[in-house]
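# Examination of the molecular architecture
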Amino acid sequence: CLRNRARSFIFSTAPAPACAAAADCAVSIIESEPDRVGRLRANAVFFADELARRGICVRSASAILPVVVGDEGKALEASARLEEMGFLIPAIRYPSVALGAARLRATVSSEHSRAQISAAAEAIAGCLSG
């Protein structure tokens, strides 16, 4: 019965040793430096607020903030322009998201400064307005 109902578990493979070691290290860092999580959450809220000040509404409970663009071509173009400006904010499009729901996948970290986050929000707003 388990084989018929737990296919994703039965037929999955173990992570590579390097991936398992990296995950273990990441958990150790989070346990020894809990302030990183607080900074990450604060940066995500700050980024959402900075986007909102520029008329871009994002909804996310994580450090990944999807900026819905809609048109795939416009999302790809904005992503390319952002990369030229030094921001790695990829476009996500069909089939990863529904047709007509293309978006930019912006991610913040605990180590981003407020100035970097503001600059990214400004760049995104500029790319989407023009």
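Notes on the structure in this doc start here. (Residues numbered from 1 in each chain as written. Predicted model: local features only at pLDDT ≥ 70, side-chain atom pairs only at ≥ 80, totals over all residues. Heavy atoms only, no water.)

The subject of this paragraph is the pattern of salt bridges. Following the criterion strictly, the structure yields seven salt bridges and no others. Linking Arg-39 and Asp-35 is a salt bridge whose minimum nitrogen-to-oxygen distance equals 2.7 Å. Separated by four residues within a single helix, Arg-39 and Asp-35 lie in helix H4 (residues 35–53), roughly one turn from each other. Take Arg-39: its relative accessible area is 31%, and that puts it in the partly exposed class. Judged by relative accessible area, Asp-35 falls into the partly exposed class, the value being 46%. Between Glu-50 and Arg-53 there is a salt bridge, and its shortest N-O distance comes to 3.2 Å. Placement of the pair is Glu-50 and Arg-53 together in helix H4, with a separation of three residues, close to one helical turn. Residue class for Glu-50 comes out buried when judged on its relative accessible area of 8%. Arg-53 gets classed as exposed once you look at its relative accessible area, which sits at 61%. (Salt bridge = Lys/Arg side-chain N within 4 Å of Asp/Glu carboxyl O. Helix = DSSP H or I, 4+ residues; strand = E, 2+ residues; numbered from the N terminus. Buried < 20%, exposed > 50% of the residue type's maximum accessible area, 1.4 Å probe, protein only.)

When two helices pack together, their arrangement is given by the angle between the helix axes and the distance between those axes. The geometry of helix H5 (residues 72–84) relative to helix H6 (residues 114–129) is characterised by a closest axis approach of 9 Å and an angle of 135° between their N-to-C directions. As far as their axial angle goes, H6 and H5 are oblique. When the axes of H5 and H6 are compared, the crossing they make is right-handed. Here Lys-74, Ala-78, Arg-81 and Leu-82 of H5 come into contact with H6, specifically with Ala-123, Ile-124, Gly-126, Cys-127 and Leu-128. Class assignment of the residues belonging to the contact of H5 with H6 gives a composition of six nonpolar, one polar and two charged. (Axes fitted to C-alpha atoms, helices over the stretch in contact; angles between N-to-C directions. Parallel < 35°, antiparallel > 145°, perpendicular 65-115°, else oblique. Left-handed = near helix turned anticlockwise from the far one by under 90°. Contact = heavy atoms within 4.5 Å. Nonpolar A, V, L, I, M, F, W, Y, C, P; charged D, E, K, R; others polar.)

This part is about the nonpolar core. Core analysis: the largest hydrophobic core is formed by 27 residues, its most contacted members being Phe-47, Leu-51, Ile-56, Val-67, Leu-104 and Ile-124. Elements represented by at least two residues in this core include exactly H4, strand S1 (64–70), H5, strand S3 (102–107) and H6. Per-element tally for this core: the top contributor is H6, with eight residues. (Core = buried A, V, L, I, M, F, W, Y, C linked by side-chain atoms within 4.5 Å.)

This part is about the packing of aromatic side chains. Considering all chains together, one arrives at zero aromatic pairs under this definition. Directly above the aromatic system of Phe-46 lies the positively charged group of Arg-114, at a separation of 4.2 Å from the ring centroid. (Phe/Tyr/Trp six-rings, centres within 6.5 Å; stacked < 30°, edge-to-face > 60°. Lys NZ or Arg CZ within 6 Å of the ring centre and 35° of its normal.)

With that settled, consider the side chain of Ser-79. Examined against the element boundaries, Ser-79 turns out to sit in helix H5. Look at Ser-79 and you get buried, because its relative accessible area is 12%. Among residues more than four places away in sequence, those in contact with Ser-79 are Ile-89, Pro-90, Ala-91 and Leu-104.

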